[in-house]
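Take a look at the letters that make up each chain.
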Amino acid sequence: MAPSNQSLPNLDPQVIEYLVKKGYNRTEQMLRQESSNLDKDGKPIPERVEDLGTQKYTKAFQLLSNWVDSNLDIYKFELKKLLWPVFIYSFLDMITYGFTIDAEAFLHDFGPRFEKFHHEDLQLLETLKLKSHIDENPTAKLYRSQKYKVPLNNNVYQALITFLEANSKTGGTVLLNILVAYLEIKTTERGNLDQYSFEAIVSRSEDTANDEADQEGIPGTFIGVTNKDIINNAAVLKLGFTPMDPDLAADLRAELEDEDIRNPPKPGVPTLIEEHERRIKREESVEGPKASEIPYPPSRARDLKMEILKIKESRDRFTIDTRTGGIGAGISICMWTFHNTLDTATPTNSRRLIGHAGPVYSLSFSPGIASAPGDISGPSTTSKLLLSSSSDKTVRLWSLETFTCLVVYKGHEGPVWNVKWGPFGHYFATCGWDRTVRVWAQDHISFLRMMVGHDTSVNQVAWHPNGAYVFSASDTSDKTVRMWSFVTGECVRVFTGHTEFISALECSPDGKILASADGSGCIILWDLAKGTQIKRCRGHAKGGVWSLSFSVDSDCLISGGADGTVRIWEVKVPDDPYKDGGGEIVGTGGQADATRINGGPATGSQTNTTSGAGGKKKGKETMITADQISAYPTKKSPVYKVKFTQMNCGIAGGVYLP
C-alpha cells in the first residue's frame, strides 16, 4: 500500500477517535495535551520570541517601550536612557545579518519616537542598507566597536532585571542578550536622576560627567539630551487669572450692584462694581488657564460672600508709597512673640489636634477671610479646614468646626516638610524628604500629580495665584527653584543662583514675580515670563530669611528672618541700583542696629561695634542694598512668619528665645 500523504495534524482527530472507541482514555488525554501544545497545568505554552527570527527585535523593543512608558514617574527618566541604544543595536543587528527589509520596517515603526532628539541619527540609519555600509560609516563603527554606557540607580537596575527575567519568553531574553552584548550598565548609589535635576544640568552644561559611573553613551555620539532642552526657560506660560465660574460671576455682579445702592461710596471713592471691573474681575483669556483645565467644585454661598469681602478690602486697602528720596514708607507692622510655656500654663480657648505619630513640620489653613465685626449674616467665611504634615510620612486634614481628623493622606516615602493649600482651596501641594512634590485634591485619597526632579530633599513649596503652577525649592547640594505645571506635571522653569539652602518662596499676587530667599539672608526676585533673575535684595544677616509676603499691589515685599528683623523691600528695580551700593552695617547674633536702620540711606560702609552673644564676638558686616524701604528690629526674637493682609497691613510672628 502506498504511504499516505496526510500530515500529522490531519491524523490527530482520527487517532483520538480510535482511542476513544477502544477506551484508551489515558493515551487519548496525553495525545490531546501534546497536540494542543499545553503544559502540565493545562496552560498554553507561549512561543519563545527568540525563535521568531527578526520579529524578535520588534517584539522585544515593544515590550521594553511599553514597560518604560507605564513605569513610575520617579524611574521614567533613567529607564528611557535604555530605549535609544536598544533601538539602534537592534537595527544594526538586522542590517549586519542581511535583513534589510525587516530593518527598514523596524526603523519606520519605532523611529518617530526618537525624532525630536535623534533626527540626524535617524537620517543616517536610513542610508544603511548593507553590512559594508556599517563598516564604512564612522558613527555606525563607533556603536559596533564600543559598548554604550548607561548609568542607572541600583533600584532602577534591579527593577529592570526582575522585569526581563519575568518576561523572558516574551522578549526579556532578547533584551538581556542586547544589554550584555552591547551595553555597559553602571549601577550607582545616588538618587534617581531627572533631566531637570541639578546634577544633570551641571554635567550637561560642562559637557562632562561628575563621576565616571555617571558617564553616558559612547564618546563621539549624541545621547539625545542637551542643556538647551533641559533648561527651556523661554517656554510660554499662562500667568493670567483663572476665570471665575459664570454662575458665581453673575451672582457677584448682582450682589455688588445691590450693595452699591444700599451703601453708596463717599465722593472720590470707586463703587464696588468699578473696583471689581478694574482689579478683581477674572474672565477667560489666552493669557490664563482655561476653566476646564483645572476643575473646581461648584460655587457656594460662602464663595460669593468671600468674593464680595475681597472686593471691599481691595477698595478700602491702605496705599503703600514706594521709596521717595530714600525715606521709607509708613508701613505698620504688628509683631506677635510666642513664648513656649512647656505646658506650665494652660492656654484658654485652645484645642489640641492629636493624631500624628511624629513631629509636625508644617500647617496650612484653607482659604478664608474675616467678616466685618458683628456681621453674622450669611455663611461664615473663616477657614474651615487645616492641613498638617509630619515626619510620619502623612498629611492630615482637620475640621476646624469639629476639631477632628477627616482624612489621612499617604504617599510620601519619608517626612513631609511642607504643605500649602492652593489659592482657591480644594487642591493642595506637599513636598518632602523623598525629593518629590505632590499635588492632591481634598476629595481624593491619593495624589493627582507627582513632580520629580530635585536631587535632594524638597523643603519649600508655593502656589501661583492662578492655581495653574506650583513652585518648589530644594536644599543641600541642589539649591534650585523649580516651577511645575499643575495641568501637565512637567517642569517649565528652573531658577539657579542661590548659594545657600532656600528657606522661603512666595509668588506675587499679580502672578508675574517669584521671590525666593536663602540661608545667607539673600532674597532673589525672578521674572516668571522671561525665566530670568530681576535682582538680589541684601540686608538680612546670616541665619536665613524664613518668610516672605508681597503687598496686594505686588510693589512691596516684606521679609522676616533669623536676624530678628522685619524688612520692607521695593520690588521695582531702582533707577540707580548702585547708588549707596556700599550699604550699611548691621550687627550679628540676630541683633540689628536700630539706631541706624530707619535713619535714611547710609553714606558709606561703617563698622558696627555691636557684639554677639555675651559680647565676646565682634559684629560681622552685612551689606544692605538700596531697594530696602524700611527695617523693624525686634529685641531678641527671630521672625518666623510675615504676612501682608488684604488691607496692606503687615503682620509678623516670632518665638522668644531666652
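Looking at an unreviewed UniProt entry, one finds the protein named Putative Transcription initiation factor TFIID subunit 5, with Glarea lozoyensis as its source organism. As stated in UniProt under Subcellular location (unreviewed entry), the record for the protein gives "Nucleus".

## Some remarks on a nonpolar patch on the surface
Where nonpolar side chains cluster on the molecular surface, the patch consists of W336, F338 and I651 and spans about 330 Å² of accessible area. With respect to the secondary-structure elements, W336 resides in strand β3 (residues 333-338).

## So, the pairing of strand β5 (residues 385-390)
Judged by how many residues are buried, β5 sits mostly within the fold: six of six residues are covered. Of the two faces of β5, the one holding L385, L387 and S389 and the one holding L386, S388 and S390 are both buried throughout. Across five bridges, the pairing between strand β4 (residues 360-365) and β5 is antiparallel. Bridge assignment links S364 to a residue of β5, and that residue is L387. Across five bridges, the pairing between β5 and strand β6 (residues 394-399) is antiparallel. Counted as the bridge partner of S389 is V395 from β6. From the end of β5 to the start of β6, which pair antiparallel, there are three residues, and K393 there has a positive phi angle of about 75°.

## Points about the sheet that holds strand β15 (residues 491-496)
The sheet built from four strands is open, its strands ordered β12-β13-β14-β15 with antiparallel pairing. On the outer flanks of this sheet lie β12 (458-463) and β15, each paired with one strand and no other. Neighbour-to-neighbour, the strand axes of the sheet open up by a mean angle of 20°, direction not taken into account. Alignment of β12 against strand β13 (residues 469-474), held across five bridges, turns out to be antiparallel. Bridged to V458 within β13 is S474.

## What about the UniProt feature "repeat: WD" (unreviewed entry) in the protein?
In the UniProt entry, the feature "repeat: WD" (unreviewed entry) is given for residues 353-408, 409-440, 451-494, 495-536 and 545-572. Helix makes up 0% of residues 409-440 and strand makes up 59%, while its end C-alpha atoms are separated by 9 Å. With 0% helix and 64% strand, residues 545-572 has its two end C-alpha atoms placed 20 Å apart.

## Digging into the packing of helix α14 (residues 246-262) against helix α16 (residues 301-316)
Viewed as axis vectors pointing N to C, α14 and α16 meet at an angle of 55°, and their least axial separation amounts to 10 Å. The orientation of α14 relative to α16 falls into the category oblique. The two elements α14 and α16 meet at a crossing, and its hand is right-handed. Residues L248, D251, L252, E255, L256 and E259 of α14 lie in contact with α16, whose contacting residues are D303, L304, E307, I308, I311 and K312. Among the residues forming the contact of α14 with α16, the class breakdown is six nonpolar, no polar and six charged.

## Some thoughts on the pairing of strand β19 (residues 532-537)
In summary, the side chains of a regular strand alternate between the two faces of the sheet. Where strand β18 (residues 523-527) meets β19, five bridges bridge the pair, whose relative direction is antiparallel. Residue pairing across strands places L525 opposite K535, the latter belonging to β19. Between β18 and β19, which pair antiparallel and follow one another directly, the connecting turn spans four residues, one of which, G531, has a positive phi of 70°.

## Digging into the nonpolar core
Grouped burial of nonpolar side chains is what soluble globular proteins tend to show. Ranked by size, the top nonpolar core spans 48 residues in total, and within it L64, L82, W84, F87, Y89, F91 and L125 carry the most contacts. Tallying contributions element by element places helix α5 (residues 83-96) first for this core, with ten residues. Those residues in contact with F87 that sit more than four places away from it in its chain are F61, F106, L107, F110, G111, F114, L122 and L125. Counting residues in hydrophobic clusters, the runner-up holds 35 residues, among them A429, V439, A441 and V492.

## Some remarks on the packing of aromatic side chains
Considering all chains together, one arrives at 25 aromatic pairs under this definition. With a centroid separation of 5.3 Å and 65° between ring planes, the pair formed by W84 and F114 is classed as edge-to-face. Of this pair, W84 sits in helix α5 while F114 is found in the loop between α6 (100-110) and α7 (119-126), placing the two residues 30 residues apart along the sequence. Accessibility assignment for this pair places W84 and F114 in one class, buried. Pairing Y427 with F486 gives two aromatic rings, centres 5.0 Å apart and planes at 70°, and the pair type is edge-to-face. Of this pair, Y427 sits in strand β9 (residues 427-432) while F486 sits in the loop between β14 (480-485) and β15, and the two are 59 residues apart along the sequence. Counting every residue linked through ring pairs, the aromatic cluster contains F61, W84, F87, F106, F110 and F114. When the ring centre of F447 is taken as origin, the NZ or CZ atom of R438, which lies over that ring, is 4.7 Å away.

Parameters at a glance
- Along each chain, numbering runs from 1 in the same order as the chain's sequence is written.
- Confidence filtering applies because this is a predicted model: local features only for residues at pLDDT of at least 70, side-chain atom pairs given and counted only at 80 or more, and all residues used for totals across whole chains, interfaces and linings.
- The basis for every side-chain value is the complete set of heavy atoms in the structure, and neither hydrogens nor water enter the calculation.
- UniProt positions are given in the numbering used here, feature names are shortened, and annotations may be inferred rather than shown by experiment.
- Note that patches include only residues with greater than 30% relative accessible area and no salt bridge, and the join distances are 9 Å for like charges and 5 Å for nonpolar side chains (Val, Leu, Ile, Met, Phe, Trp, Tyr).
- Throughout, the Shrake-Rupley method with a 1.4 Å probe supplies accessible areas, and for residues the shown protein chains are the sole cover considered.
- Every case where a carboxyl oxygen of Asp or Glu lies within 4 Å of a side-chain nitrogen of Lys or Arg is listed as a salt bridge.
- Comment: elements are numbered from the N terminus, with helices defined as DSSP H or I runs of at least four residues and strands as E runs of at least two.
- Buried means the residue's accessible area, taken with a 1.4 Å probe over protein chains only, is under 20% of the maximum for its type, while exposed means over 50%, and partly exposed covers the values in between.
- Only strands joined by at least two bridges in the DSSP assignment are considered to pair.
- Comment: axis = line fitted to C-alpha atoms, over the contacting stretch for helices; angle = value between 0 and 180 degrees taken between N-to-C directions.
- Any angle that is under 35 degrees is reported as roughly parallel, and any over 145 degrees as roughly antiparallel; angles of 65 to 115 degrees are reported as roughly perpendicular and all others as oblique.
- The sense of a crossing depends on the near helix, which, turned anticlockwise from the far helix by less than a right angle, makes the crossing left-handed and, turned clockwise, makes it right-handed.
- The contact criterion used throughout is that any non-hydrogen atoms of two residues lie within 4.5 Å.
- Residue polarity is assigned by list, with Asp, Glu, Lys and Arg as charged and Ala, Val, Leu, Ile, Met, Phe, Trp, Tyr, Cys and Pro as nonpolar; anything else, Gly included, falls into the polar class.
- The set of buried Ala, Val, Leu, Ile, Met, Phe, Trp, Tyr and Cys residues whose side-chain atoms join them within 4.5 Å is what this entry labels a nonpolar core.
- Ring geometry is summarised as follows: Phe, Tyr and Trp rings, the Trp one being its six-membered ring, pair when their centres sit within 6.5 Å, and such pairs are stacked at plane angles under 30 degrees, edge-to-face over 60 and tilted between the two.
- In our convention, an over-ring charge means Lys NZ or Arg CZ found within 6 Å of a ring centre and within 35 degrees of that ring's normal.

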